Number of protein chains: 2
Amino acid sequence: MATIYDVAQRARVSPATVSRVLNGQATVDPGLAARVRTAVRDLNYRPNSVARSLRRSRTTLWAVIISDVGNPFFTALVRGVEDVGQRAGYSVVLCNSDEDPAKEARYVTAALEDRMAGVIISSSGRSANVNRLIEAGTPVVAIDRQISGTRVDSVLVDNEHGAELATAHLAAHGYRRIACITGPRKLSTAAQRLRGYQRALAANGLAAPACLVRHADFREEGGYAAMASLLDAADPPDAVFAANNLMTVGAVECLVDRGIGIPDRIGVVGFDEVPGARLFRPSLTTVAQPTYELGRTAATLLAERIAEPDRPPSTITLRTELKVRESSRR
Amino acid sequence: MATIYDVAQRARVSPATVSRVLNGQATVDPGLAARVRTAVRDLNYRPNSVARSLRRSRTTLWAVIISDVGNPFFTALVRGVEDVGQRAGYSVVLCNSDEDPAKEARYVTAALEDRMAGVIISSSGRSANVNRLIEAGTPVVAIDRQISGTRVDSVLVDNEHGAELATAHLAAHGYRRIACITGPRKLSTAAQRLRGYQRALAANGLAAPACLVRHADFREEGGYAAMASLLDAADPPDAVFAANNLMTVGAVECLVDRGIGIPDRIGVVGFDEVPGARLFRPSLTTVAQPTYELGRTAATLLAERIAEPDRPPSTITLRTELKVRESSRR
DNA sequence: CTGTTAGCGCGTTCAT
DNA sequence: ATGAACGCGCTAACAG
């Protein structure tokens, strides 16, 4: 593949002039510039961005580390990141950690070695990986999940408030034994949504026995198993709040399999919009998150931090919205 | 950030020795190797893979260019690519073209400039972009969609056969006016699935009037509109074969909105598994594709081509499977 | 087995 | 406004 020297030779100028024409910084004689552009076209020249990155000591790559590419929540988010990133001249490397801290660590290592311009991460728990990036001076933005004990730009949603609204809504519709299927203990989102649930119960004078709470894995299977376990308990619930989209699907599947009517025998509210929800009857009440916006915001924050590395970290919290549909009204 | 010279100085060896220890090619005196490893740890040294790539004239990045990150078909595929790629030492850059040839062209340019080690592409129609890659000597694998007029490694599924099975199945269950909602004319998958549909009709002695065929956009909205258009026609169908997953969802939504019973008034079969299908009653009959395997196979092929650039291109066709469920039996 | 040297392709001084 | 020379960090070739 042609190099800048080949172009220079063909255009009878120096490589420096070619570089100037291509990057449009300094002024170049129009005649020479035209010769250069012709030579570029003739040789089908593409600048080598590896050499460029080495010379400039910076790349145009962002890593987005998420825990599940199969979850529409994350793909919507990635789409938001990508749209903003591409506009700012960055390519996005999608890294799927599968909720596995070891895999996440490998991606962080790769981001470090590739000298990525920035990282957006929805971390699977511990702050160690994020700290490695910060120590190396790599711009980072935490998205969706909070990093405890580390000051870092973050884009979150009002998890506690959303969960509280969802639970209060169930209480307002006469449900009394409201269960909660939340996520892994280590994840901030799971903890915050559980807290919102508990606060709503307290505010409505309802008991919040531990036997109505399940910690699952934020996946469909986990939601199914948790729902089954709640139903098999001594005193089953009459409503359930599931703390993410896939677990909501699992829980509903379990109810359908057992022929338990929604919303009559059991009311259901899920956190985050559910894939395929439109096909399901009754339609599902959910706490909607601005997923695409989440990605856009994180990308914007990352671009700003790259431009201004020393400014203090900021946290942006986006609002959720309760979408009342049929699954929660009896 | 520390360089290989910093490490060499601290370990009192030459940079070349550090390189040898890190890459494990040549043999190095155990004592020196230990000193190097200590220095690496002390300085928290990370090799600069930009410099390495420049020196070696090759990178460890693959681009996967797909048309819709929001479609579970593509995310499953990407997951397969990524799993194989990571094992072979490659990171995967996910590029979402949104079915837009211009956006696809930009990603191809980026892949070229970044000297990516390889590209896996589900191209949105024309072969021009793929040809640019081939001319530049970049290893390419076409996935899901065939590239016409260009010899290139390809991983496809037996679209025509799958569509034929689906349509024949509807005919066998007594449906007589079977419609087809297929994709954009330019896409090989759309054309092949349409041909399979037509062949099955012919084999079963059924007419195949053009008024029963719709070309939509492979998205939910398109499926919905196409279904509506079929229902509003003079002589509506009693069954429909939808040529991809999202259009199936759209078509079913349309039927639900209009209160048209499935499978009694209209039988439904979709190509590719449908997101959220498990929640839907009646359950949907589909032509299942080995999506994850598709990705794995393409990645394997790409790795092989990188190792052996001059071997003749091969095409691998994976099998689909008809999953008979409730939506097609009356 | 180890060190010295050169160069991957580019952008950026510094002269002119 | 243009060109010559250097070096980003690394690894491969060669010498010792």
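Note that this is a predicted model, so its numbers are computed, not measured.

### Describing the overall build of chain A
In step 1: Of regular secondary structure, chain A possesses 12 helices and 12 strands.
In step 2: Against the compact-globule benchmark of 20 Å for 330 residues, chain A has a radius of gyration of 25 Å, which places it well outside the compact range.
In step 3: In terms of overall dimensions, chain A has C-alpha extents of about 85 × 40 × 30 Å along its principal axes.
In step 4: Expressed as a percentage of its 330 residues, the buried residues of chain A come to 56%.
In step 5: Contacts in chain A between residues far apart in sequence, at least 24 positions, make up 71% of those at least 6 positions apart.
In step 6: Approximately 13700 Å² of chain A is accessible, and the part contributed by carbon and sulfur atoms is 49%.

### Observations regarding the layout of surface pockets
In step 1: If you add up the space inside the second largest pocket, you get close to 1100 Å³.
In step 2: Every residue lining the second largest pocket is counted, 40 residues in all, and those nearest its centre are B:Arg58, B:Thr59, B:Arg115, B:Met116 and B:Ala117.
In step 3: For the lining of the second largest pocket, the secondary structure elements donating two or more residues are α6 (101-113) of chain A together with α4 (49-56) and α12 (291-307) of chain B.
In step 4: Class assignment of the residues belonging to the lining of the second largest pocket gives a composition of 17 nonpolar, 12 polar and 11 charged.

### Observations concerning the pattern of salt bridges
In step 1: Under the criterion given, the structure shown has 37 salt bridges over all chains.
In step 2: A:Arg311 is the salt-bridge partner of A:Glu304, the closest N and O atoms lying 2.9 Å from each other.
In step 3: A salt bridge links B:Arg330 to B:Asp238, with the nearest nitrogen and oxygen atoms 3.7 Å apart. You can see B:Arg330 sitting in the segment after β12 (321-323) and its partner B:Asp238 sitting in the loop between α10 (220-232) and β8 (239-242), a full 92 residues away along the chain.

### Let's talk about the protein's contact with DNA strand C
In step 1: Lining the immediate environment of DNA strand C, one finds 23 residues, of which A:Ile4, A:Tyr45, A:Arg55, B:Asp29 and B:Arg55 sit closest.
In step 2: The protein-proximal atoms of DNA strand C, defined as those within 4 Å of the protein, are 61% sugar or phosphate.
In step 3: Contact between DNA strand C and B:Ser14: a phosphate oxygen at 3.1 Å from a main-chain N or O atom of the residue.
In step 4: Elements with a minimum of two residues in the surface near DNA strand C: α1 (4-11), α2 (15-23) and α4 (49-56) of chain A together with α2 (15-23) and α4 of chain B.

### Things to note about the interface of chain A and chain B
In step 1: Across the boundary between the two partners, chain A contributes 50 residues, which contact 50 residues of chain B.
In step 2: On the chain A side of the contact with chain B, A:Arg79, A:Arg115 and A:Leu279 bury the most area, a combined 16% of that side's loss.
In step 3: For the interface between chain A and chain B, the tally reads 7 salt bridges.
In step 4: One salt bridge in this structure joins A:Lys103 and B:Asp83, with 3.8 Å as the shortest N-O distance.
In step 5: Between chain A and chain B we count 16 residue pairs in polar contact (both at pLDDT 80 or more) in total.
In step 6: Of all elements in the fold, only α4, α5 (72-87), β2 (91-96), α6 and α11 (245-257) of chain A reach the threshold of two or more residues within the side of chain A that touches chain B.
In step 7: Of the residues assigned to the side of chain A that touches chain B, the class counts are 22 nonpolar, 11 polar and 17 charged.

### So, the UniProt feature "domain: HTH lacI-type" (unreviewed entry) in chain A
In step 1: In the UniProt entry, the feature "domain: HTH lacI-type" (unreviewed entry) is given for residues 2-56 of chain A.
In step 2: Regarding residues 2-56 of chain A, the helix share stands at 71% and the strand share at 0%, and the terminal C-alpha atoms are separated by 20 Å.

### Quick word on the domain arrangement of chain A
The figure often quoted for interface size is the accessible area lost as the parts come together.
In step 1: Here the domain parsing of chain A yields domain 1 (4-47), domain 2 (53-157 + 291-320) and domain 3 (159-289 + 322-328).
In step 2: Taken over C-alpha atoms, the centre of domain 1 of chain A sits 63 Å from the centre of domain 3 of chain A.

### Brief notes about the packing of aromatic side chains
The geometry of an aromatic ring pair comes down to the distance between the two centres and the angle between the two planes.
Residue and element names in this part refer to chain A.
In step 1: Per the counting criterion, the structure on display carries 6 aromatic pairs over all chains.
In step 2: Where Phe73 meets Phe74, the ring centres are 5.0 Å apart and the plane angle is 75 degrees; that geometry is what we call edge-to-face.
In step 3: A cation sits over an aromatic face here: Arg193 above Phe271, 3.9 Å from the ring centre.

### Some thoughts on the relation of the copies chain A and chain B
In step 1: The transformation that overlays chain A on chain B combines an axial shift of 0.0 Å with a rotation of 180 degrees, and the residual RMSD is 0.1 Å. With respect to symmetry, the two chain copies, as superposed, fit the operation of a two-fold axis.
In step 2: Interface residue correspondence from chain A to chain B reaches 100%, placing this contact among same-surface, isologous pairings.

### Details of the protein's contact with DNA strand D
In step 1: Taken together, the neighbourhood of DNA strand D is formed by 25 residues, with A:Asp29, B:Ile4, B:Tyr45, B:Arg52 and B:Arg55 sitting nearest.
In step 2: Here B:Ser19 contributes a side-chain N or O atom positioned 3.0 Å from a phosphate oxygen of DNA strand D.
In step 3: B:Arg52 is positioned such that a nitrogen or oxygen atom in its side chain is 2.6 Å from a phosphate oxygen of DNA strand D.
In step 4: Put simply, the parts of the chain that give the surface near DNA strand D at least two residues each are α2 and α4 of chain A together with α1 (4-11), α2 and α4 of chain B.
In step 5: Residue composition of the surface near DNA strand D, grouped by class: 11 nonpolar, 7 polar and 7 charged.

### Some words on the sheet that holds strand β9 (residues 267-271) of chain B
Residues and elements named next belong to chain B.
In step 1: Strand order in this open sheet of 6 strands is β7-β6-β8-β9-β10-β12, and the pairing throughout is mixed. Each edge of the sheet is formed by a strand with only one pairing partner; in this case those strands are β7 (213-215) and β12. On average, adjacent strands in this sheet sit at an angle of 15 degrees to one another, irrespective of strand direction.
In step 2: Across 4 bridges, strand β6 (residues 178-182) lies against β8 in parallel orientation.

### Concerning the pairing of strand β6 (residues 178-182) of chain A
All names here are of chain A.
In step 1: Burial analysis of β6 places 5 of its 5 residues in the buried class, the great majority of the element.
In step 2: With burial as the criterion, each face of β6 is covered, one bearing Ile178, Cys180 and Thr182 and the other bearing Ala179 and Ile181.
In step 3: Note: β6 against strand β7 (residues 213-215), 3 bridges, orientation parallel. Across the sheet, residue Ile181 finds its bridge partner in β7, namely Arg214.
In step 4: At this point the chain moves from β6, through helix α9 (residues 188-203), to the parallel β7, and the crossover so formed is right-handed.

### Overview of the side chain of A:Ser49
In step 1: Relative to the helices and strands, A:Ser49 is located in helix α4.
In step 2: With a relative accessible area of 12%, A:Ser49 lands in the buried category.
In step 3: A distance of 2.4 Å separates the side chain of A:Ser49 from the side chain of B:Asp114, its partner in a polar contact.
In step 4: Filtering out sequence-adjacent residues up to four positions away, A:Ser49 remains in contact with B:Glu113 and B:Asp114.

The rules we used
Residues numbered from 1 in each chain as written. Chains lettered and ligands numbered in written order. Predicted model: local features only at pLDDT ≥ 70, side-chain atom pairs only at ≥ 80, totals over all residues. Heavy atoms only, no water. Helix = DSSP H or I, 4+ residues; strand = E, 2+ residues; numbered from the N terminus. Rg over C-alpha atoms; globule rule 2.2 N^0.38 Å. Buried < 20%, exposed > 50% of the residue type's maximum accessible area, 1.4 Å probe, protein only. Contact = heavy atoms within 4.5 Å. Areas by Shrake-Rupley, 256 points an atom, 1.4 Å probe, with all protein chains shown as cover. 1 Å grid on protein atoms, 1.4 Å probe; cavity = no way out; pocket = protein on both sides within 12 Å on 5 of 7 lines; lining within 4 Å. Points joined across faces, edges and corners; volume = space filled by probe spheres on them. Nonpolar A, V, L, I, M, F, W, Y, C, P; charged D, E, K, R; others polar. Salt bridge = Lys/Arg side-chain N within 4 Å of Asp/Glu carboxyl O. Near = heavy atom within 4 Å. Polar contact = N/O pair within 3.5 Å; in protein donor to acceptor, adjacent residues only side chain to side chain. Buried area = accessible area lost by both parts, 1.4 Å probe. UniProt positions renumbered as here; feature names shortened; annotations may be inferred. Domains from an automatic or database assignment. Phe/Tyr/Trp six-rings, centres within 6.5 Å; stacked < 30°, edge-to-face > 60°. Lys NZ or Arg CZ within 6 Å of the ring centre and 35° of its normal. Least-squares fit on C-alpha atoms with pLDDT ≥ 70 in both. Pairing = 2+ DSSP bridges. Axes fitted to C-alpha atoms, helices over the stretch in contact; angles between N-to-C directions. Right-handed = clockwise from strand over helix to strand, strands pointing away.

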